[in-house]
Amino acid sequence: MSGRKTALVTGASRGIGRAVAARLARAGWAVGVNYRERRDKAEELVALLRAEGCEAVALQADVAVRAQVDGMVRRLEDAFGAVSLLVNNAGVAGQALFQDVTDELWERYFAVNLNGARHTIQAVLPHMLHEKAGCIVNVSSIWGQHGASCEVTYSCTKHALIGLTRSLAMELAPSGIRVNCVAPGVIDTDMVRVLGEETLRALAAETPLGRLGTPEDIAAAVAFLASDEASFITGQVLTADGGFLP
Ligand code: NAP
């Protein structure tokens, strides 16, 4: 890779994606800050990063919609050049008994959490294949490694993302493209705050390190996998959960 290095982080307006985008931008990447609804938060982050001298641009797209993803990648390439690092972070979660899971809910979770990654990867892959270089980091979950009661749909999407990571890593390794995954434990973001203070305290107590993770904890894991320090690592799942999983 030479010259400017361009990264795309999906779901970067809030939570983990926001911390990942900020960390990468501060490490010298020109970053596409994807959002779906929270334009205000995405633009606030971009303004903050630009004020620090970093390169960043806010990009609206629902990752579940291929045409929107293709348009987003084109806008990012126009701004900063082709993408050499992709972080698939956008995701949706929620709790429901399995017998209450509707077709709409099942399909939406798969559309965002799994097809979203397929859409972005297929949009950036031609350039990576041409360069014979590139890096993809998918954000799965410990619930992609372990069963999760009342989160069957979410858990299935996150298991699938790990399958995607492992298989694609095998397929793309001969082309010099690395594909890895981070599996966060319970991280203090809007996604889990809906569970309420009491549940969050219990989850922190259940975590051997005695606290919830921060978005910055996960950004550090993503940044490591994206870095040259990880140049011999592909097809792996890096769990960052404070010891939560046995
Ligand atoms: P969050 O606080 O709910 O933020 C979700 C982000 O994803 C937002 O920026 C949101 O954008 C974006 N997003 C949602 N649907 C999208 C779509 N269809 N297209 C584009 N962007 C979309 O979530 P988080 O906790 O940071 O989670 C980030 C990732 O980590 C997810 O994949 C999640 O499954 C995974 N994870 C989280 C935890 C945790 O404990 N928090 C644990 C394990 C794994 P807008 O706000 O602009 O709509």
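Caption draft 1: Inspection of the site of the ligand at higher detail. Around the ligand, the structure places 33 residues, and the nearest of them are Ser13, Arg38, Asn89, Tyr154 and Thr189. Taking aspartate 62, its side chain carries an N or O atom lying 2.8 Å from a nitrogen atom of the ligand. In the complex, 96% of the free accessible area of the ligand, which totals 900 Å², lies under the protein chains. For the shell around the ligand, the secondary-structure elements that each account for two or more residues are helix H1 (15–26), strand E2 (30–35), helix H4 (103–131), helix H5 (152–172) and helix H6 (190–193). At 3 residues, the largest contribution of residues to the shell around the ligand is made by H6. In the shell around the ligand, the residues fall into 15 nonpolar, 10 polar and 8 charged.

Caption draft 2: Main features of the side chain of asparagine 34. As for its position among the elements, asparagine 34 is in strand E2. Residue class for asparagine 34 comes out buried when judged on its relative accessible area of 2%. One polar contact links the side chain of asparagine 34 to the main-chain amide nitrogen of glycine 11, over a distance of 3.0 Å. Contact partners of asparagine 34, with chain neighbours within four places excluded, come to Leu8, Val9, Thr10, Gly11, Ala12, Ser13, Leu59, Gln60, Ala61, Val63 and Met72.

Caption draft 3: Representation of the packing of aromatic side chains in the model. One pass over the full model with this rule turns up 3 aromatic pairs. When the centroid spacing of 5.0 Å and the interplanar angle of 35° are considered together, the rings of tryptophan 106 and phenylalanine 110 count as tilted. Here the residue tryptophan 106 and the residue phenylalanine 110 both occupy positions in helix H4, the gap between them amounting to 4 residues, near one helical turn. According to the relative accessible area criterion, tryptophan 106 is partly exposed, its value standing at 31%. For phenylalanine 110, a relative accessible area of 18% corresponds to the buried category. Taken together, a centroid distance of 6.0 Å and an interplanar angle of 90° make the contact between tryptophan 143 and phenylalanine 244 edge-to-face. Separated by 101 residues along the polypeptide, tryptophan 143 in the loop between strand E5 (134–139) and H5 and phenylalanine 244 in the segment after strand E7 (237–240) bring together distant segments of the chain.

Caption draft 4: Region of the structure containing the pairing of strand E6 (residues 177–184). Within E6, 8 of the 8 residues are buried, leaving the element largely enclosed by the surrounding structure. Residues Ile177, Val179, Cys181 and Ala183 of E6 are buried on one face, and the alternating residues Arg178, Asn180, Val182 and Pro184, pointing to the opposite face, are buried as well. Each parallel crossover has a hand, and the one from E5 via H5 to E6 is right-handed. Bridge analysis of E6 against E7 gives 4 bridges, and the strand direction is parallel. Along E7, the bridge assignment pairs valine 182 with leucine 238.

Caption draft 5: Molecular detail of the packing of H1 against helix H8 (residues 215–226). It is the contact of H1 with H8, at a shortest axis distance of 8 Å, that shows an interaxial angle of 50°. As summarised for this structure, H1 and H8 are arranged oblique, according to the angle between their axes. At the point where H1 passes H8, the crossing takes the right-handed sense. On H8, the residues that touch Gly15, Ile16, Ala19, Val20 and Arg23 of H1 are Pro215, Glu216, Ile218, Ala219, Ala220, Val222 and Ala223. Tallied by class, the residues present in the contact of H1 with H8 amount to 9 nonpolar, 1 polar and 2 charged.

Caption draft 6: The packing of H4 against H5, seen in detail. At a minimum axis distance of 9 Å, the contact between H4 and H5 shows a crossing angle of 20°. Compared by their axis directions, H4 and H5 come out roughly parallel. Handedness of the crossing formed by H4 with H5: right-handed. Contact with H4, carried on its side by Leu105, Trp106, Tyr109, Phe110, Asn113, Leu114, Ala117, Ile121, Leu125 and Leu129, involves Thr153, Tyr154, Cys156, Thr157, Lys158, Ala160, Leu161, Leu164, Leu168 and Leu172 of H5 and no other residues of that element.

Caption draft 7: Examining the environment of alanine 82 more closely. Turning to its location among the elements, alanine 82 is positioned in the loop between helix H3 (66–80) and strand E4 (83–88). On a C-alpha basis, the gap between alanine 82 and histidine 130 in space is 11 Å, while along the polypeptide they are 48 residues apart. Contacts of alanine 82, omitting those with residues within four sequence positions, involve Thr6, Glu77 and His127.

Caption draft 8: Region of interest: the sheet that holds E4. Taken in spatial order, the 7 strands of this open sheet run E3-E2-E1-E4-E5-E6-E7, and their pairing is parallel. Each end of this open sheet is capped by a strand with a single partner; those strands are strand E3 (56–60) and E7. Averaged over all pairs of adjacent strands, the angle between strand axes in this sheet comes to 20°, irrespective of strand direction. Where E5 and E6 come together, 6 bridges link them in parallel fashion. Across the sheet, the residue bridging to valine 137 is asparagine 180, located in E6.

The rules behind these values
- Residues numbered from 1 in each chain as written.
- Predicted model: local features only at pLDDT ≥ 70, side-chain atom pairs only at ≥ 80, totals over all residues.
- Heavy atoms only, no water.
- Near = heavy atom within 4 Å.
- Polar contact = N/O pair within 3.5 Å; in protein donor to acceptor, adjacent residues only side chain to side chain.
- Areas by Shrake-Rupley, 256 points an atom, 1.4 Å probe, with all protein chains shown as cover.
- Helix = DSSP H or I, 4+ residues; strand = E, 2+ residues; numbered from the N terminus.
- Nonpolar A, V, L, I, M, F, W, Y, C, P; charged D, E, K, R; others polar.
- Buried < 20%, exposed > 50% of the residue type's maximum accessible area, 1.4 Å probe, protein only.
- Contact = heavy atoms within 4.5 Å.
- Phe/Tyr/Trp six-rings, centres within 6.5 Å; stacked < 30°, edge-to-face > 60°.
- Right-handed = clockwise from strand over helix to strand, strands pointing away.
- Pairing = 2+ DSSP bridges.
- Axes fitted to C-alpha atoms, helices over the stretch in contact; angles between N-to-C directions.
- Parallel < 35°, antiparallel > 145°, perpendicular 65-115°, else oblique.
- Left-handed = near helix turned anticlockwise from the far one by under 90°.

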